[in-house]
Amino acid sequence: MSSRRRANKKFWNKVFRLFLLYLVLVPLLFLLLDRSTVYQEVREDSLVFILKIAGIALGIALIISFWSNRDPELRKY
């Protein structure tokens, strides 16, 4: 396996782990901050709510991964 493929695999593994972490944290934080809106969103259209939360989690995971991949100071973490 080449070094480039290994780096790509490591990057996407990091994105996946962060995505799973934020997939749990974002709804919990949203629930703690605004419980009534969460209940209303889930009752009205739960699929759209799940897609919104997943999109937010994926966006955060990608941004943090790209940022930490480009910054040499953050690369060691």
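Attention here is on the structure that accompanies the text. (Residues numbered from 1 in each chain as written. Predicted model: local features only at pLDDT ≥ 70, side-chain atom pairs only at ≥ 80, totals over all residues. Heavy atoms only, no water.)

Quick word on the side chain of Ser65
Here comes step 1: Of note, Ser65 is situated in helix 3 (residues 46-70).
Here comes step 2: Contacts of Ser65, omitting those with residues within four sequence positions, involve Phe11, Lys14, Val15 and Leu18. (Helix = DSSP H or I, 4+ residues; strand = E, 2+ residues; numbered from the N terminus. Contact = heavy atoms within 4.5 Å.)

Brief notes about the pattern of salt bridges
Here comes step 1: For the coordinates displayed, the defined rule picks out 1 salt bridge.
Here comes step 2: A salt bridge links Glu41 to Lys52, with the nearest nitrogen and oxygen atoms 3.4 Å apart. Of the two residues, Glu41 is situated in helix 2 (residues 35-44) and Lys52 in helix 3; the sequence distance between them amounts to 11 residues. (Salt bridge = Lys/Arg side-chain N within 4 Å of Asp/Glu carboxyl O.)

Examining a nonpolar patch on the surface
Here comes step 1: A cluster of nonpolar residues, Phe16, Leu20 and Leu23, forms a patch on the protein surface that exposes about 260 Å² of accessible area.
Here comes step 2: Along the chain, Leu23 falls in helix 1 (residues 3-33).
Here comes step 3: A residue is classified by how much of its surface remains accessible, and Leu23, at 31% relative accessible area, is partly exposed. (Patch = residues over 30% accessible without salt bridge, like charges linked within 9 Å, V, L, I, M, F, W, Y side chains within 5 Å. Areas by Shrake-Rupley, 256 points an atom, 1.4 Å probe, with all protein chains shown as cover. Buried < 20%, exposed > 50% of the residue type's maximum accessible area, 1.4 Å probe, protein only.)

Focus on the packing of aromatic side chains
Here comes step 1: Per the stated rule, a full pass over the model turns up 3 aromatic pairs.
Here comes step 2: Judged by centre distance (5.1 Å) and plane angle (80 degrees), the ring pair of Phe11 and Trp12 falls under edge-to-face.
Here comes step 3: Under the relative-accessibility criterion, Trp12 is labelled partly exposed at 48%.
Here comes step 4: For the ring pair Phe30 and Phe49, a centre distance of 6.1 Å and an interplane angle of 25 degrees mean the geometry is stacked. Note that Phe30 is positioned in helix 1 and Phe49 in helix 3, a separation of 19 residues in sequence. (Phe/Tyr/Trp six-rings, centres within 6.5 Å; stacked < 30°, edge-to-face > 60°.)

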